[in-house]
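Secondary and tertiary structure notes
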Amino acid sequence: MTEIVLGVGASHSTLMNTHWEETFHKDRAERFRDALRSARDELAAVRPDTAILVGSNHFRGFWLDLIPSFTIGVGECIASGESGTPEGPQPVDVPLARHIAGSLVEGGRFDVAFSARLQIDHGQSHAIQYLLDGLDDVEIVPLVVNVFAPPLPTLDRCEQLGRAIRDAVLAFPEGRRVAVIGSGGLSHRLPWPDWRDPRGDDEEFMVGAWLNGRDDWQDYDARRREIIRAAEAALNPEFDDEFLSLVERGQTHRITEYTTETLEKTAGNGAQELRTWLLTAALLDHAPARRLAYEPMPEWLTGMAVAVLDPARTTQERQP
């Protein structure tokens, strides 16, 4: 019997690794880091065999020459290792990954892309570093969601995919204890252009990197980092609190009321990563969550949060 035993939503930021000492709000940073450790301990306690890892890609594994809405890793998975995140091959639960991909397509619900040699970046490897550290026998099923190169999959479509993957996982005949991790920021704005309409030298550079970086992304990385570090933070803690309240009440699906455009206007282009939280919640059948931390971190440009979704909590706990 295959069961889904726990879900975790967690923000990511490579600035945790590269600029910890320069972080001004060190107390907030430490509370967020401690929450990641607590979530990691809860994952260890439920003894998962596999973690479905839902994350974004920051133009290090996908480039503008090909951007699927959803891609499942069904073979090799290589982490790019930027900014002190894990590097190299990651263990993939190939039988479960291929079962999910096949079930989605054959069931007629989703024509997902798949990769037998997937490259991931900190949009997923940050979670490997902080949430799966020490869980040596846990394999992953990586799911990459396009959240940065419009047109983006709608929030409603992400909700539907989460439910479809849930059905596929529960039907897997070999038996697994499956955890789900959604890795993504809350409100934040990245200095990234709409690739269809770049304006100015920096935006032209970024789009060129996204188009041409498949074989030499490292050559573009120094200037990319300079552009990001020069950006001003644009957080919306009120929005973040409202969203996390939905997660706590098992109502994450209500975020589908936003369009891509209204979500960016309200919480920044980086908030498109909330698709990873929504997918995770749908995979957990919107079990009520416990918020472990929320910290607005302007130094990291992001609203940082950690929440745990426990399917053992009863449906009676869900509020209408």
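In this report, the structure presented in the accompanying data block is examined. What you see is a predicted model; the values in this text were computed from it and never measured.

1. What about helix α2 (residues 26-45)?
Since there are 3.6 residues in each turn of an α-helix, residues three or four apart along the chain are aligned in direction. The end-to-end C-alpha separation of α2 is 29 Å, in line with the 28 Å expected for 20 residues at 1.5 Å each. Among the residues of α2, those classed as buried are A29, F32, A35, L36, A39 and L43. Within α2, the buried residues cover an arc of 120° as seen down the axis, which keeps them to one side. Along its buried surface, α2 packs onto β1 (3-10), α1 (15-18), α4 (122-131), β7 (177-183), β8 (289-297) and β9 (302-309). Of the residues trailing α2, R47 is marked for its positive phi of about 50°.

2. Quick notes on the side chain of E82
Tracing the backbone through its elements, the reader meets E82 in the loop between β3 (70-80) and β4 (87-89). Under the relative-accessibility criterion, E82 is labelled buried at 3%. In this structure the side chain of E82 is engaged in a polar contact, spanning 2.7 Å, whose partner is the side chain of H122. With residues near it in sequence (within four places) discarded, E82 still touches R60, D121, H122, W217 and D221.

3. Focus on the layout of surface pockets
For the largest pocket, the calculated volume is near 300 Å³. Surrounding the largest pocket, 15 residues form its lining, F148, P150, D194, E264 and N269 being those nearest its centre. Its residues placed into classes, the lining of the largest pocket shows eight nonpolar, three polar and four charged.

4. Side note on the nonpolar core
Within the largest apolar cluster, 65 residues are counted, with the highest numbers of intra-cluster contacts made by I52, I72 and I100. The element best represented in this core is helix α5 (residues 155-170), accounting for seven residues. Ignoring anything within four residues of it in the chain, the contact list for I100 reads I52, I72, V141, I165, A168 and V169. By size, the runner-up hydrophobic cluster in this structure holds 38 residues, among which are W20, F32, L53 and A293.

5. Here we look at the pairing of β7
The element β7 is largely enclosed, with a buried count of six among its seven residues. Two strands pair when backbone bridges link them, and β1 and β7 are joined in this way by seven bridges, in the parallel orientation. By the bridge assignment for β7, I4 is matched with V178. In this structure, strand β2 (residues 50-55) lies alongside β7, joined through six bridges in parallel fashion. Counterpart to T50 in the pairing with β7 is V178.

6. Remarks on the pattern of salt bridges
Pairing of side chains with opposite charge becomes possible as their charged atoms draw close. The full count for this structure, using the stated rule, is 23 salt bridges. In this structure, R177 and E3 form a salt bridge, with 3.0 Å as the shortest nitrogen-oxygen distance. Separated by 174 residues along the polypeptide, R177 in strand β7 and E3 in strand β1 bring together distant segments of the chain. On the basis of relative accessible area, E3 is assigned to the partly exposed category, the value being 32%. Through salt bridges with shared partners, a single network forms among R60, E82, D221 and R224.

7. Regarding the packing of α2 against α4
Look at α2 against α4: their axes get within 9 Å of each other, and the N-to-C directions meet at 75°. Considered as vectors, α2 and α4 are oriented roughly perpendicular to each other. Residues L36, A39, R40 and L43 of α2 touch α4, and the partners they reach there are H126, Y130 and L131.

8. Observations regarding a negative patch on the surface
A contiguous patch of negative charge, built from D49, D133, D136 and D137, is present on the exposed surface. Summarising the element assignment, D49 is placed in the loop between α2 and β2.

9. Observations concerning the side chain of T85
Within the secondary structure, T85 sits in the loop between β3 and β4. Residue class for T85 comes out buried when judged on its relative accessible area of 6%.

10. Brief notes about the environment of R157
With respect to the helices and strands, R157 occurs in helix α5. For R157, a relative accessible area of 31% corresponds to the partly exposed category. Sequence spacing of R157 and T256 is 99 residues, and the spatial spacing of their C-alpha atoms is 8.8 Å. Those residues within four positions of R157 in sequence are excluded, and the remaining contacts are F70, R109 and F110. A polar contact of 2.9 Å, which involves the side chain of R157, links it to the side chain of Q160.

How each quantity is defined
Residues numbered from 1 in each chain as written. Predicted model: local features only at pLDDT ≥ 70, side-chain atom pairs only at ≥ 80, totals over all residues. Heavy atoms only, no water. Helix = DSSP H or I, 4+ residues; strand = E, 2+ residues; numbered from the N terminus. Expected span 1.5 Å × (residues − 1). Buried < 20%, exposed > 50% of the residue type's maximum accessible area, 1.4 Å probe, protein only. Arc of directions from axis to C-beta. Contact = heavy atoms within 4.5 Å. Polar contact = N/O pair within 3.5 Å; in protein donor to acceptor, adjacent residues only side chain to side chain. 1 Å grid on protein atoms, 1.4 Å probe; cavity = no way out; pocket = protein on both sides within 12 Å on 5 of 7 lines; lining within 4 Å. Points joined across faces, edges and corners; volume = space filled by probe spheres on them. Nonpolar A, V, L, I, M, F, W, Y, C, P; charged D, E, K, R; others polar. Core = buried A, V, L, I, M, F, W, Y, C linked by side-chain atoms within 4.5 Å. Pairing = 2+ DSSP bridges. Salt bridge = Lys/Arg side-chain N within 4 Å of Asp/Glu carboxyl O. Axes fitted to C-alpha atoms, helices over the stretch in contact; angles between N-to-C directions. Parallel < 35°, antiparallel > 145°, perpendicular 65-115°, else oblique. Patch = residues over 30% accessible without salt bridge, like charges linked within 9 Å, V, L, I, M, F, W, Y side chains within 5 Å. Areas by Shrake-Rupley, 256 points an atom, 1.4 Å probe, with all protein chains shown as cover. Lys, Arg positive; Asp, Glu negative; His and termini not counted. Charge placed at Lys NZ, Arg CZ, Asp CG, Glu CD.

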